[in-house]
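Here is how the chains run, residue by residue.
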Amino acid sequence: MKISAKATALYLTLSITNNAYALVPPIRTQRDVLHASSSLFSQRRSIIQPSSSRRRTPSSPSSLSSIAPQQTSSSSSDAKTKISNELSRGVTLDNGPVIDFASVKDSTSRAERALSEARKRYERSLLLAVSSTETTKKGEDGRLLERLMGINDEVVQEVGYEIGQFVQEYVDTANGETVETLVQNCGAWLRSKAKEGTFSNTNGDSTTTASSTTTTFTTEDIARYERLLSRAYEESGIVTSAFAKTFYLGTQGLPEPAKKAIWAIYVWCRRTDEIVDAPRPQSSNPNEEMLTDLSEWEIRTEKLFECGQVVDVLDLPLLDCKVKYPKLPVTPFADMIRGMLMDIPGLGQERYETWEELHLYCYRVAGTVGLMSMPVFGCAEGYTDEIAK
């Protein structure tokens, strides 16, 4: 499964047949961005118009009975009344039940059970200080390079150089600074700019949790952190351009902060995809190794959103997104991780008999991207995030 190809194909196929889950929130700004990205999305325009006949709202996953529509007043021009009517109708494209798949767990899924067990094993391994976060690779000069999680030979070949190595240029070696120290200090600076309540401070690790309000940073340090963050965003854009050229083209019409935020979100998705799908020729048990790495990645993601914790330089743009867009939720990121497992041979389900069975997969591998993007794009006037969802 590749984000730029398979998920997009699902998105288009299901949307055009009017059988898709709410893969794109009904917000005008996102519709315009998707339309501008390429002609691939042009066929979607008639489906995502923000009309009351197409608005949908979430209900319990266990609610499988059809929702009876209520009549709306055609003479009413009051936006709040229209929104209330749309919420009460709960209409879907195929007139089926409205289901909110967010955070849904499937206890019968082999893939989810396997991930749950792998996570327990990984968490136990942390007590023994065993970690598999990074891999090493020799550079052209013979030096060992520490690769970031989710970065492999395929990514390096597609981009044309080792990802994340630029961080070395910003390390203050004269004062004994290391790459890890630099990344953590930059993370602390970003957390210091967050609104109160964005991150918790209950992790217990003073080096990686939300920054204390008493922490001070020199003007020189801040300037260096800003340059490092800018470079990390730039590299995120390069990765996005290399793997998703049409998607990258669509971001060029966005304001600078939103454009960079979407790059950061895409890179997280790219790295997740590579953790799951990349070949592991040196491994005696590729699936077990993949599940261990994915467990670590899931925990890393949770800690970034909960505490503002970062591990490597490409975590910094996503942390910056969380600081700038505090409503950015962790739920769609966690749900996508499970979606990535749903078509792994031997773990997931490779064929679906009905559209209803396919809906959860569609939400996890494609609908989640809409929910990740929604806080960045924002909603049209008169609409809330919940209505858009």
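Cut-off values and rules
- Residues numbered from 1 in each chain as written.
- Predicted model: local features only at pLDDT ≥ 70, side-chain atom pairs only at ≥ 80, totals over all residues.
- Heavy atoms only, no water.
- Helix = DSSP H or I, 4+ residues; strand = E, 2+ residues; numbered from the N terminus.
- Areas by Shrake-Rupley, 256 points an atom, 1.4 Å probe, with all protein chains shown as cover.
- Buried < 20%, exposed > 50% of the residue type's maximum accessible area, 1.4 Å probe, protein only.
- Core = buried A, V, L, I, M, F, W, Y, C linked by side-chain atoms within 4.5 Å.
- Salt bridge = Lys/Arg side-chain N within 4 Å of Asp/Glu carboxyl O.
- Phe/Tyr/Trp six-rings, centres within 6.5 Å; stacked < 30°, edge-to-face > 60°.
- Lys NZ or Arg CZ within 6 Å of the ring centre and 35° of its normal.
- pLDDT = per-residue confidence, 0-100.
- Contact = heavy atoms within 4.5 Å.
- Axes fitted to C-alpha atoms, helices over the stretch in contact; angles between N-to-C directions.
- Parallel < 35°, antiparallel > 145°, perpendicular 65-115°, else oblique.
- Nonpolar A, V, L, I, M, F, W, Y, C, P; charged D, E, K, R; others polar.
- Polar contact = N/O pair within 3.5 Å; in protein donor to acceptor, adjacent residues only side chain to side chain.

What to know about the overall build of the protein chain
Right, on to step 1. Of the regular secondary structure elements, the protein chain holds 14 helices and two strands.
Right, on to step 2. Here the protein chain displays about 18800 Å² of accessible surface, and carbon together with sulfur accounts for 51% of that area.

Overview of the environment of Glu154
Right, on to step 1. Residue placement: Glu154 occurs in helix H5 (residues 153-159).
Right, on to step 2. For Glu154, a relative accessible area of 33% puts it in the partly exposed group.

Some remarks on the nonpolar core
Right, on to step 1. Judged by nonpolar contacts, the single largest core of 69 residues is most densely connected at Leu228, Ile265, Trp268, Val313 and Leu316.
Right, on to step 2. The next biggest cluster of nonpolar side chains, apart from the first, holds 14 residues, and it includes Val104, Met342, Val365 and Ala366.

A few points about the pattern of salt bridges
Right, on to step 1. Under the criterion given, the structure shown has 21 salt bridges.
Right, on to step 2. Each of the salt bridges in this network shares a partner with another, and the network as a whole consists of Glu112, Arg119, Glu298, Glu302, Arg338 and Arg364.

Here we look at the packing of aromatic side chains
Right, on to step 1. Taken as a whole and assessed by the stated rule, the structure comprises eight aromatic pairs.
Right, on to step 2. Their ring planes at 25 degrees and their centres at 5.9 Å tell us that Tyr352 and Tyr361 sit as a pair that is stacked. As far as burial versus exposure is concerned, Tyr352 and Tyr361 are alike and both buried.
Right, on to step 3. Ring pairs connect the aromatic residues Trp268, Trp297, Phe305 and Phe333, which therefore count as one cluster.
Right, on to step 4. Over the ring of Phe243 we find Arg270, and its NZ or CZ is 4.4 Å from the ring centre.

Concerning the confidence of the model for the protein chain
Right, on to step 1. This prediction gives the protein chain a mean pLDDT of 74; 66% of its residues lie at or above 70.
Right, on to step 2. Taking the mean pLDDT of every element in the protein chain, the minimum, 36, falls on helix H2 (residues 28-37) and the maximum, 98, on helix H11 (residues 315-324).
Right, on to step 3. A low-confidence stretch, residues 1-76 (pLDDT under 50), is modelled with 164 contacts involving residues beyond four sequence positions or located in other chains.
Right, on to step 4. Note on residues 202-213: pLDDT is under 50 here. Beyond four places in sequence and across chains, it has 23 contacts.

A look at the packing of helix H6 (residues 179-192) against helix H7 (residues 219-243)
Right, on to step 1. Their axes nearest at 10 Å, the elements H6 and H7 cross at an angle of 100 degrees. If you check the angle between H6 and H7, you find them roughly perpendicular. Seen from H6, the contacting residues are Leu182, Asn185, Cys186, Trp189 and Leu190; seen from H7, they are Ile222, Arg224, Tyr225, Glu226, Leu228 and Leu229.
Right, on to step 2. A breakdown of the residues in the contact of H6 with H7 according to their chemical character gives eight nonpolar, one polar and two charged.

A look at the side chain of Glu177
Right, on to step 1. Structurally, Glu177 is set in the loop between H5 and H6.
Right, on to step 2. In this structure Glu177 comes out as buried when scored by relative accessible area, which is 11%.
Right, on to step 3. A polar contact of 2.7 Å, which involves the side chain of Glu177, links it to the backbone nitrogen of Asp172.

Considering the side chain of Arg300
Right, on to step 1. Position of Arg300 among the secondary structure elements: in helix H10 (residues 286-307).
Right, on to step 2. Polar side-chain contacts of Arg300 include one of 2.9 Å to the side chain of Asp312.
Right, on to step 3. In terms of polar contacts, Arg300 uses its side chain to reach the side chain of Asp315, at 2.9 Å.

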